Amino acid sequence: MKRTALLNSELSQVIASLGHGDMLVIGDAGLPIPDGPRRIDLAVTRGVPLLTEVLQAVLSEMQVESIVVADEALNGAKALPAWYPQSLGIAPQTVSHEEFKRRSAKARAIVRTGECTPYANIMLIAGVAFG
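Residues numbered from 1 in each chain as written. Predicted model: local features only at pLDDT ≥ 70, side-chain atom pairs only at ≥ 80, totals over all residues. Heavy atoms only, no water.

Here we take up the environment of Met23. Assignment of secondary structure puts Met23 in strand S1 (residues 23-27). Relative accessible area serves as the criterion here: at 15%, Met23 is assigned to the buried category. With 19 residues separating them in the primary sequence, Met23 and Leu42 have C-alpha atoms 18 Å apart. Apart from residues lying up to four places away in sequence, Met23 is in contact with Arg103, Lys106, Ala107, Arg108, Ala109, Met123, Leu124 and Ile125. (Helix = DSSP H or I, 4+ residues; strand = E, 2+ residues; numbered from the N terminus. Buried < 20%, exposed > 50% of the residue type's maximum accessible area, 1.4 Å probe, protein only. Contact = heavy atoms within 4.5 Å.)

So, in structure tokens, the structure goes:
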């Protein structure tokens, strides 16, 4: 029996199969999902689950090397969005929302949450855990 925080078997399987440099996107309910990447739809209702909840569970199981977010997610604010995990200690790379969507087409999987905050999308690039 799985004893970690992540209960969704489809998401757990994707994370277990990620190799160095593979991308996993966690997005809001409105992020267009292109053909190609595996689609994991966790949305139940508006706001359920929140992106932060899914992100926290994923980060408990995934080694992250780098992060990409859309410029638009910052909305001109100097601070990162509230849903960004400050505890990672990784400065995110920012790209336009259009570029974010283009890169998403190469992701191993895109996870759709019930988040309804515009541009609340994050791309996690897998690292390697040594030790």
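What follows concerns the pattern of salt bridges. Per the stated rule, a full pass over the model turns up six salt bridges. The closest approach of N and O atoms between Asp41 and Arg112, which form a salt bridge, is 2.8 Å. Remark: Arg112 occurs in strand S5 (residues 109-112) and Asp41 occurs in strand S2 (residues 38-41); sequence separation between them is 71 residues. Here Arg102 ties to Glu99 by a salt bridge, and the two come within 3.1 Å at their closest N and O atoms. Placement of both Arg102 and Glu99 in helix H3 (residues 97-104) is noted, with a separation of three residues, approximately one turn of the helix. The partly exposed category is assigned to Glu99, whose relative accessible area is 24%. Here the salt bridges share partners, and the residues they tie into one network are Glu99, Arg102 and Arg103. (Salt bridge = Lys/Arg side-chain N within 4 Å of Asp/Glu carboxyl O.)

Right, let's get into the side chain of His97. Considering the arrangement of structural elements, one finds His97 in helix H3. Residues within four places of His97 in sequence aside, it is in contact with Leu31, Ala70, Glu72, Tyr119 and Asn121.

Time to look at the nonpolar core. Core analysis: the largest hydrophobic core is formed by 28 residues, its most contacted members being Leu11, Leu24, Ile26, Val58, Met62, Ile122 and Leu124. Of all the elements in the fold, those that place two or more residues in this core are helix H1 (9-17), S1, helix H2 (51-59), strand S3 (64-70), S5 and strand S6 (122-126). Looking at this core element by element, the count peaks at five residues for H2. With near-sequence residues (within four places) excluded, Leu11 lies in contact with Leu6, Leu24, Ile40, Leu42, Val58 and Val111. Core analysis: the second largest hydrophobic core is formed by 12 residues, Met23, Val25, Val95 and Ile110 among them. (Core = buried A, V, L, I, M, F, W, Y, C linked by side-chain atoms within 4.5 Å.)

Keep in mind that these numbers describe shape and distance, not what the molecule does.
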